[in-house]
Each structure stands twice: as structure tokens, then as C-alpha cells.
Amino acid sequence: MRLSRYFLPVLKETPSEAQIVSHRLMLRAGMIKQASAGIYSWLPLGFKVLKRIEQIVHEEQQRVGHIPMLMPTLQSADLWKESGRYDAYGPEMLRIRDRQDRDMLYGPTNEELITDIFRSHVGSYKDLPLTLYHIQWKFRDEIRPRFGVMRGREFLMKDGYNFDLTKEDALHAYNRHLVSYLRTYERMGLQAIPMRADSGPIGGDDTHEFLVLAETGESEVFYDSQITDLKFGDREIDHDDHAACAAVLEEFTSRYARTDETHDEAIFSQVPEDRRRTARGIEVGQIFYFGTKYSEPMGATVQGPDGKPVPVHMGSHGIGVSRLLGAIIEASHDDRGIIWPEGVTPFHAGIVNLKQGDAEADAACEALYDALKALGLDPLYDDTKGGAGAKFATMDLIGLPWRITVGPRGLKNGVVELTSRRTGESEEMPPEQAVERIAQVYAGIL
Ligand code: ATP
Ligand code: MG
């Protein structure tokens, strides 16, 4: 993309309504614009990151065998009356009446809808196990929408639902989700720690939340510091292997890590004192096993091996796709702006032309731009007439991990400058070598 043709409405002033750094930076970098309280338009740069995050979520879901689909945002109240949650959910649910006077709602989550699809189409235990998911907008009329996309009213969530014949199979699905989530977050450059949590209105017994540690997080968390040494890395785990998935769960959840809802001071005090940590965290996902809570009242049964109908065991699993943008920025920024991890960056590299209009500089930039694109990368070429200082400030603000700076002086010596946004280190090298270095960085990521 050429900056001269792009729509990047960066702000010079720090917006006063934004209380936390990720919200400020998203507004300043022209990523989002508030449409009304807790509801945002996704401007091109924000939309690009949102799509990158969505793509990682899709890939990691499908890697473990989950099946993508799409359910609507607007739902009929009837199913929710059947499950008993229409009254139970409270004022967070946006209730709407259509012209036929039917009660509708903007879905805050989809257990009812998916259970209805299941009971209509699945009849035999032979069709199990089954895990369906979608990435769809949700609406929760949060009492205090704030912090930008972090606590919106309309927000994008991946929610998945597993259907299993036995509790044991459903617990395997739970473990498999934990494995898949660990990989998902690491690909986004995040450390998200699974913590024992409370199930809230979804219900159920087993549940973990995934928390990214950040001072601005809304949850208070308590954990054994050893947990932050754990890395999922590039292990290959067979998603059908119950024991392998259970071992990962054991490894990542055996140390003390809880949100304030489930925190138990007596147990926590058994952790050696120098490892006890109290901090704040951002919830970026949650997994639940809730057994037959929905399948029983809604008649989601299958014919078991003995021919008798049995209610299926279920779980649900959510990732806060739009909240993740805020969480990643909270975890990765400096006083000049965002520092995108390579896995989610909107553009893979920026090209800054220090002397737009200079035939040699223009030609060198064009060549770099074409070379990066030929490698399947997505560069942003600042081909505007602005001064160097302003161009660098914009690149730093929008946080592209790599910048190639091209100017007549360097070109005389046959070099351009490659700068890492994260370390701030710059190195001069021939243009081909800069392209090669960037290609290497992304080879393991894309
Ligand atoms: P919270 O406790 O933060 O209100 P929740 O536990 O009610 O969230 P879940 O039902 O577990 O949310 O939804 C799955 C994920 O969706 C959450 O882990 C979170 O990342 C995201 N999410 C939930 N509410 C919001 C919101 N208002 N704005 C943005 N993302 C949200
Ligand atoms: Mg939750």
C-alpha cells in the first residue's frame, strides 16, 4: 500500500476521552472511531489488524479440527425462554421487538442457537464428537463501556461449542481447547495465562480464563510466578490424543493462578512467598465445560450405543477477538506508539522515502516495494512529501515492526537503513539484503 493512496487519519493530539494507552494509541493511529458509546467503526488500519487476529484464530481452530460456520447476530427470544436465560440474563441483553411484535435480541453469546441447530440435525452418537465455532459480533449492553475496544458494547468474539457423548470426551474437548488457545495467543505475541475462574451467566463447573498481565487490566489476579516461565512454543500435539492434551492442561494449570473471583488466600499462602504475585490482567478468552446444562432443558439428545436417548455433554469457548487489539497494544508499546508483534502487524514493513521526487530515491523505494510484495509480504510505502521527522513519527506510532529508510545519501554508498521498531536498532545494508532479512523474519510466521 502507498501511504499517499491510503486512509490513515492519524491524530496529533492525544484524545482526552481515552483513559488507557491502547485506547489512546488506537485513536491516534487512526484505527478506530467511536460511533456511539462502546460501538466503533473499524478504520482501515484497525480493520487490517482485526482481520489478522481473526485469521490466526481461524487457523488455530481448524488445526485442531473445529468446524467454522456463521450464526446471526439477531436471535429470537423463544430459544432463550426455553433455556431459561431470557429472564436470567438481565439488562446486559439488548432486547428488540420486530414489526410483528416478536421478541428478538442481539446475541450476547450463542449457546441456545447452536443447541437448537444441534438438536435439529444430529441424532446419533456416531456423529460425535463435534465442535462448531464462529466469529461473530456480539452485543452486551455493558453498564460501563470503556477503554475503547477493550470493553465495548458491540464486540467481535470467536465462540465455539463442543458436543460429546460422555463427560470424559467433553473434558478432552476442554483440554484440546486449552492447547489450541495457548498456541493462538502465542502466535499473536502474547502470553495469556490460564487461570481458574468463575463461570458467570454461562454456568458450569470447569472453567479457565486466559489473562494477559497488564497494569490496566480489569481483573485482579493471583499467581505463582513460575507460571510465566511456561511457553507452549512450537510443540506438535495430536488433537485427538487425550493424554497429550491432558498433560498440557496439567502443565499449564497445576500452579496457582486465579482471578479474584476464585482466589483462595489459604491455598495461595502455600506458594513460596518469593513466587507469590498479585497483579492485574486482561481477560482475552475463556473455556467452559458445562455438561448437560443446555442439552437437558433443550432436548439436545442423541441416540446412544444402547439405542436410548442421552443428553449430550457440552462446553463453550470464547476468544475476545476485538478486545485482543487492545490487549496486544497494552502489552507491546512505548512512548512513541504501538509495537506490533510480527504475527498481527497490519503491514509487515514500512518504507520511508526521505526525498520523495528524487529520481534515484523513488526508484529504490519502488524496487523495495515490489520486492517485498513479490515475496507475499504487505509493505506500507510512505511516498508522501512530508519531512523525515513526521514520517518517522507516523511509522513509530502505527508500530510496524520493520522500517526501511531510503535516502540519496545512503544510496550513494549503495545502502538503505533497516530499523527494528522493538529495539530501535538501525543497520545499513544494501537494499536486497534488507529485503532478505525481512523475508527471513516472516518466513517462520506467515
Ligand atoms: P468480562 O468478564 O470481561 O465481562 P466475560 O467473562 O463476560 O467478560 P465471556 O462470556 O467469557 O466474557 O466472553 C469471551 C471473551 O469475549 C472474553 O474472554 C473477552 O475477551 C471478550 N469480551 C467479553 N465481553 C467483552 C466486551 N464487553 N468487549 C470486548 N470483549 C469482550
Ligand atoms: Mg469470561
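Residues numbered from 1 in each chain as written. Chains lettered and ligands numbered in written order. Predicted model: local features only at pLDDT ≥ 70, side-chain atom pairs only at ≥ 80, totals over all residues. Heavy atoms only, no water.

Q: Can you help me understand the overall build of the protein chain in this one?
A: When its secondary structure is counted, the protein chain shows 13 helices and 23 strands. Computed over its C-alpha atoms, the radius of gyration of the protein chain comes to 24 Å, within 12% of the 22 Å expected for a compact globule of 446 residues. Dimensions of the protein chain along its principal axes, counting C-alpha atoms only, are 80 × 60 × 40 Å. Within the protein chain, buried positions represent 52% of all 446 residues. (Helix = DSSP H or I, 4+ residues; strand = E, 2+ residues; numbered from the N terminus. Rg over C-alpha atoms; globule rule 2.2 N^0.38 Å. Buried < 20%, exposed > 50% of the residue type's maximum accessible area, 1.4 Å probe, protein only.)

Q: Explanation requested: the packing of helix 2 (residues 44-63) against helix 9 (residues 321-331) in the structure shown.
A: When two helices pack together, their arrangement is given by the angle between the helix axes and by the axis-to-axis distance. Following both chains from N to C, one finds helix 2 and helix 9 inclined at 110°, their axes separated by 9 Å at the closest point. Comparing the axis directions of helix 2 and helix 9 gives the class roughly perpendicular. For the pair helix 2 and helix 9, the crossing hand works out as right-handed. For the pair helix 2 and helix 9, the contacting residues are Gly46, Val49, Leu50, Ile53, Glu54 and Val57 in the first and Val321, Ser322, Leu324, Leu325 and Ile328 in the second. (Axes fitted to C-alpha atoms, helices over the stretch in contact; angles between N-to-C directions. Parallel < 35°, antiparallel > 145°, perpendicular 65-115°, else oblique. Left-handed = near helix turned anticlockwise from the far one by under 90°. Contact = heavy atoms within 4.5 Å.)

Q: Whenever I open this one, the side chain of glutamate 209 confuses me. Can you help?
A: Within the secondary structure, glutamate 209 is located in strand 10 (residues 206-213). Here glutamate 209 is buried and forms no salt bridge, its nearest opposite-charge partner arginine 323 lying at an N-O distance of 7.7 Å. Look past the residues within four positions of glutamate 209 in its chain and what remains in contact with it is Ile193, Pro194, Met195, Ala197, Thr259, Glu261, Glu283, Gly285 and Gln286. (Lys, Arg positive; Asp, Glu negative; His and termini not counted. Salt bridge = Lys/Arg side-chain N within 4 Å of Asp/Glu carboxyl O.)

Q: It is not clear to me how the pairing of strand 2 (residues 39-42) should be interpreted in this structure. Could you clarify?
A: Each regular strand shows side chains that alternate between the opposite faces of the sheet. Pairing of strand 1 (residues 32-36) with strand 2, which is carried by four bridges, proceeds in the antiparallel orientation. Bridged to glutamine 34 within strand 2 is tyrosine 40. Connecting strand 1 to the next strand, strand 2, in antiparallel fashion are two residues, including glycine 38 with a positive phi near 70°. (Pairing = 2+ DSSP bridges.)

Q: I keep staring at empty space enclosed by the protein and nothing clicks. Help me out?
A: The gaps of empty space that remain are located by a probe, the size of a water molecule, rolled over the atoms. Applying the stated criterion to the full structure yields one cavity of 30 Å³ or more. Reported here for the largest cavity is a volume of approximately 50 Å³. Forming the walls of the largest cavity are Gly38, Tyr40, Trp42, Trp137, Val149, Gly152, Glu154, Phe155 and Ser322. Here the residues of the lining of the largest cavity sort into five nonpolar, three polar and one charged. (1 Å grid on protein atoms, 1.4 Å probe; cavity = no way out; pocket = protein on both sides within 12 Å on 5 of 7 lines; lining within 4 Å. Points joined across faces, edges and corners; volume = space filled by probe spheres on them. Nonpolar A, V, L, I, M, F, W, Y, C, P; charged D, E, K, R; others polar.)

Q: Hey, could you run me through the packing of aromatic side chains in this one?
A: Geometrically, a pair of aromatic rings is defined through the distance of the ring centres and the angle of the planes. Inspection of the entire model under this criterion finds twelve aromatic pairs. Both rings, one in phenylalanine 118 and one in phenylalanine 163, keep their centres 4.2 Å apart while their planes meet at 10°; by these two values the pair is stacked. Taken as a pair, phenylalanine 118 in helix 5 (residues 111-121) and phenylalanine 163 in strand 8 (residues 154-164) lie far apart in primary sequence, 45 residues in all. The burial state of phenylalanine 118 is the same as that of phenylalanine 163; both residues are buried. (Phe/Tyr/Trp six-rings, centres within 6.5 Å; stacked < 30°, edge-to-face > 60°.)

Q: Please explain the nonpolar core as it appears in this structure.
A: Soluble globular proteins tend to bury their nonpolar side chains together. One finds Met31, Ile53, Tyr185, Phe210, Val284 and Leu325 to be the most contacted residues of the largest nonpolar core, which totals 73 residues. Here this core gets seven residues from one element, more than from any other, and that element is helix 6 (residues 167-187). Summarising the domain contributions, this core has at least three residues from each of domain 1 (11-337) and domain 2 (347-443). Beyond its immediate stretch of four places on either side in the chain, tyrosine 185 contacts Leu190, Ala192, Phe210, Val284, Gly285, Gly318, Ile319 and Leu324. The next biggest cluster of nonpolar side chains, apart from the first, holds 25 residues, and it includes Met93, Val122, Leu132 and Val312. (Core = buried A, V, L, I, M, F, W, Y, C linked by side-chain atoms within 4.5 Å. Domains from an automatic or database assignment.)

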